[in-house]
Amino acid sequence: MAFVNLQNVTYQYPLTKTPALQNINLQVDEGEFVAVVGPNGAGKSTLCYALAGFVPHFFKGEISGTIEVAGKESSKSTLDEWVLNVGLAFQNPFNQISGAKYTVFEEIAFGLENIGVPREEMKSRVEDAMALTGIRDLADRSPYSLSGGQQQRVALTSILVMRPRLLVLDEPTSQMDPIGTREVFGTIRKMAEDGMTVVLVEHKMEWIAQFADRVVALKDGSILLEGKPGEVLTSDLLAENGFGSSRYTSTAREAKKRGLWRKENLPVTLDEAVEGFALTLPFSSPKGAPRGRGESGK
Amino acid sequence: MKIEIKDLRFTFPTGLEALKGISLTIEAGEQVAIVGQNGAGKTTLVRHFNGLLQPASGSVMIGDWDVKKYSVAKLATRVGYVFQNPDEQLFSRDVLTEVTFGPKNLGYAKEKIDELVQRALSLTELNDKTETNPYDLSPTWRKMVALASIIAMDTPIVIFDEPTTGQDALNVARIANAISELRMEGKTVITITHDIDFCAENFDRVIALSNGQVLLDGPAREILGQDEVLAQTYVDPPQLTRLGKRLGLKETVRNQEEFLKAIT
Ligand SMILES: Nc1ncnc2c1ncn2[C@@H]1O[C@H](COP(=O)(O)OP(=O)(O)OP(=O)(O)O)[C@@H](O)[C@H]1O
Ligand SMILES: Nc1ncnc2c1ncn2[C@@H]1O[C@H](COP(=O)(O)OP(=O)(O)O)[C@@H](O)[C@H]1O
Ligand SMILES: [Mg+2]
Ligand SMILES: [Mg+2]
């Protein structure tokens, strides 16, 4: 059976008139990297909360259907049990700092300390995690004296250090610089290859196409489309429903109307765009992808 | 209104030197994007424009005002700043009160306040949310409220810190539209952004900061093509600029229009 299994999940927040999630059916295999896309209010964060146990345990409200992760059912578990398997990085990184610690190092170690990980192991796990997100030089800084992107890196690192079996990331790179974003995507990809299951909400289509295994497109609380990134992210259905797209996709779509894009499929990544537009420009000689910058796919 | 920065240096109480000698002139009515890696000093720089931070040395002039000699309240008549984290900015119990607070505080006449508030709400598509408590909104809509409440103040200089973060395509288009409205009114718009495609499509001038210093400053077309220098501050060129380069186009292209023209 799938590692994550949502069956007919419908959920409504207290005091609201319409469900935020409607009849969601979603299966994710262990080690799979699934990206969730959708416009504002689609239910992306609510889906993250449902996977992480906050819906319904923390937010209350009315839920039907079943949510299973690692063979356990959410409604039959407590939040304390649930978070042992599932880690969530919140959409707003600014209020994820615990407030209990004086240095970034201690902040990241906080969760491990709580579950009683021995000092030596804790130290090496924190150092490894900080290396993954590029914040080793922040170790001795106060968690309150950081830039926006640095705070987001600390918040992400304190989830990664726990090595949850299911990693749920709600727009984890929203405050990050462009090359840092690409590097974090690469890190998450590697963790999925090592067996961690990842569900990630993002708007950055170019990197989703390059790094994720599958895309789920949400709108108005329902799954509109799901499948391979290259197919979902270029579909007309998404374009018609107010979903964003990479500039490669939108420009090729316009070029196609003018007869300047000759391939059947639209591109999402740079390599796909270069390949397709090279057909329009028979005399140009596309330059090779720069090496070692993670631009050439998985 | 002109902004003139001369050899600005700033060190936080922790001892960290965040700005290491910045000199810049931004003319009245310019549209400027500031880019650069996390921790480069972007937010620290603009917080000097409205008095939230005070220069350790060097100077910042807003028009004929030296920021050292004016209070935050006074500077608010000239500079509006939308915080990177909207939660540091919002405090009212409903959206309408929040957006009305700024212009009211600046002492405008009632009719002008109503007009400014109405326009700010329309630009940010908040008309149906005026009675909502900002804290019941998602972080993305809270950011739209933060934008509206600064736009409503009608200051000659407007600063946005990461406005498009987490926004969907519709809201990004609304923000771009708001910026172009402000441009037409002759306002100076300074936007900090990691969204380089948005930067390429909406700004004439780009300043790249790195490690507390200006790394690059010039017309967007010149700056955004310099992939190797930009990489020093962890910035990639825009998608279509990268594509143009890989296809061997002679000119640096920044947006769809330029790209399609170049391949036609
Ligand atoms: N309150 C503070 N106390 C001490 N140091 C700070 C404080 N705020 C920021 N810093 C440090 O100052 C430097 C510049 O931070 P700043 O917030 O200006 O960066 P930024 O360019 O806006 O980055 P980001 O893209 O992540 O928002 C960083 O090294 C940061 O850690
Ligand atoms: N805590 C909450 N209480 C009530 N309604 C909420 C809450 N959080 C989100 N919602 C509502 O649920 C719907 C989905 O929101 P959300 O999951 O935040 O969407 P997204 O993350 O895709 O922007 C929206 O209509 C939103 O207003
Ligand atoms: Mg959300
Ligand atoms: Mg900042």
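Residues numbered from 1 in each chain as written. Chains lettered and ligands numbered in written order. Predicted model: local features only at pLDDT ≥ 70, side-chain atom pairs only at ≥ 80, totals over all residues. Heavy atoms only, no water.

Trainee: How should I be thinking about the coordination of the magnesium ion (ligand 4) in this particular structure?
Mentor: Around a metal, the perfect tetrahedron of four donors has angles of 109.5 degrees, and the perfect octahedron of six donors has angles of 90 or 180 degrees. On the protein side, the magnesium ion (ligand 4) has Thr43 of chain B (OG1) and Gln84 of chain B (OE1) as donor atoms, found 2.0 to 2.3 Å from it. Taken together, the residues Thr43 of chain B in helix H1 (residues 42–46) and Gln84 of chain B in the loop between strand S6 (79–82) and helix H3 (95–105) connect sequence positions 41 residues apart. (Donors = N, O, S within 2.8 Å, 3.2 Å for Na, K, Ca; no water. Helix = DSSP H or I, 4+ residues; strand = E, 2+ residues; numbered from the N terminus.)

Trainee: It is not clear to me how the sheet that holds strand S9 (residues 214–219) of chain A should be interpreted in this structure. Could you clarify?
Mentor: Strand-to-strand pairing in sheets goes through backbone hydrogen bonds, with the strands running parallel or antiparallel. All names here are of chain A. Spatial strand order, S6-S7-S8-S3-S9-S10: six strands in an open sheet with mixed pairing. Both outer strands of the open sheet, strand S6 (86–89) and strand S10 (222–227), are each paired with one neighbouring strand and no more. Pairwise comparison of adjacent strand axes, ignoring direction, gives a mean angle of 15 degrees for this sheet. Strand direction decides the pairing type here: S9 and S10, joined by five bridges, are antiparallel. Counterpart to Val216 in the pairing with S10 is Glu226. (Pairing = 2+ DSSP bridges. Axes fitted to C-alpha atoms, helices over the stretch in contact; angles between N-to-C directions.)

Trainee: Could you clarify how one ought to interpret the pattern of salt bridges in this entry?
Mentor: Side chains carrying opposite charge are able to pair once their charged atoms draw close together. Residue and element names in this part refer to chain B. All chains considered together, the criterion is met by 34 salt bridges over all chains. A salt bridge links Glu30 to Arg205, with the nearest nitrogen and oxygen atoms 2.9 Å apart. In this pair, Glu30 sits in the loop between strand S2 (17–26) and strand S3 (31–35) while Arg205 sits in strand S9 (residues 205–210), placing the two residues 175 residues apart along the sequence. Linked by salt bridges that have partners in common, Lys112, Arg119, Asp154, Glu185 and Lys187 make up one network. (Salt bridge = Lys/Arg side-chain N within 4 Å of Asp/Glu carboxyl O.)

Trainee: Help me understand empty space enclosed by the protein in this model?
Mentor: Any empty space left between atoms is shown by rolling a water-sized probe over those atoms. The tally for this structure, following the rule as stated, stands at three cavities of 30 Å³ or more. What the largest cavity holds in volume is close to 150 Å³. Lining the largest cavity are 16 residues, and of these Gln91 and Gln175 of chain A together with Pro139, Thr140 and Thr165 of chain B lie nearest its centre. Split into classes, the residues belonging to the lining of the largest cavity amount to four nonpolar, nine polar and three charged. (1 Å grid on protein atoms, 1.4 Å probe; cavity = no way out; pocket = protein on both sides within 12 Å on 5 of 7 lines; lining within 4 Å. Points joined across faces, edges and corners; volume = space filled by probe spheres on them. Nonpolar A, V, L, I, M, F, W, Y, C, P; charged D, E, K, R; others polar.)

Trainee: Which parts of the structure should I look at to understand the interface of chain A and chain B?
Mentor: Contact with chain A, which involves 54 residues of that partner, is made by 43 residues of chain B. The contact between chain A and chain B buries some 3,900 Å² in all, and 54% of this surface belongs to carbon and sulfur atoms. Interface area lost by chain A to chain B is led by Asn40, Pro178 and Arg247 of chain A, which between them contribute 18%. At the boundary of chain A with chain B, the tally comes to four salt bridges. Put simply, Arg247 of chain A and Glu201 of chain B hold a salt bridge, and the shortest N to O gap is 2.6 Å. In this assembly, chain A and chain B are joined by 20 residue pairs in polar contact (both at pLDDT 80 or more). Of all elements in the fold, only helix H6 (148–160), helix H7 (178–193), helix H8 (205–211), helix H11 (247–257) and helix H12 (270–280) of chain A reach the threshold of two or more residues within the side of chain A that touches chain B. Class assignment of the residues belonging to the side of chain A that touches chain B gives a composition of 19 nonpolar, 21 polar and 14 charged. (Contact = heavy atoms within 4.5 Å. Buried area = accessible area lost by both parts, 1.4 Å probe. Polar contact = N/O pair within 3.5 Å; in protein donor to acceptor, adjacent residues only side chain to side chain.)

Trainee: Could you clarify how one ought to interpret the site of ligand 2 in this entry?
Mentor: All names here are of chain A. If you check the shell around ligand 2, you find Tyr13, Thr16, Ala20, Pro39, Asn40, Gly41, Ala42, Gly43, Lys44, Ser45, Thr46 and Phe59 and nothing else. A distance of 2.7 Å separates an oxygen atom of ligand 2 from a polar backbone atom of Gly41. Contact distances for ligand 2 include 2.5 Å between an oxygen atom and a side-chain N or O atom of Thr46. Out of a free accessible area of 560 Å², ligand 2 has 67% covered by protein chains. Cavity membership is defined here by more than half of the atoms lying within 2 Å of grid points; on that basis ligand 2 lies in the largest pocket. Residues belonging to the shell around ligand 2 are distributed by class as follows: five nonpolar, six polar and one charged. (Near = heavy atom within 4 Å. Areas by Shrake-Rupley, 256 points an atom, 1.4 Å probe, with all protein chains shown as cover. Sits in = over half its atoms within 2 Å of the grid points.)

Trainee: Before we go on, may I ask you to explain the packing of aromatic side chains in this structure?
Mentor: For any two aromatic rings, the description comes down to two numbers: the centre-to-centre distance and the angle of the planes. Taken as a whole and judged by the stated rule, the model has 17 aromatic pairs over all chains. Centroid distance Tyr13 of chain A to Phe59 of chain A: 5.6 Å. Interplanar angle 85 degrees. Geometry classified as edge-to-face. Of this pair, Tyr13 of chain A sits in the loop between strand S1 (4–12) and strand S2 (21–28) while Phe59 of chain A is found in the loop between helix H2 (54–57) and strand S4 (62–69), placing the two residues 46 residues apart along the sequence. Here Phe59 of chain A falls in the partly exposed class, since its relative accessible area comes to 25%. Taken together, Tyr11, Tyr13, Tyr49, Phe54, Phe58, Phe59 and Phe90 of chain A form an aromatic cluster joined through their ring pairs. One Lys or Arg, Arg78 of chain B, reaches over the ring of Trp65 of chain B and ends 3.6 Å from the middle of that ring. (Phe/Tyr/Trp six-rings, centres within 6.5 Å; stacked < 30°, edge-to-face > 60°. Buried < 20%, exposed > 50% of the residue type's maximum accessible area, 1.4 Å probe, protein only. Lys NZ or Arg CZ within 6 Å of the ring centre and 35° of its normal.)

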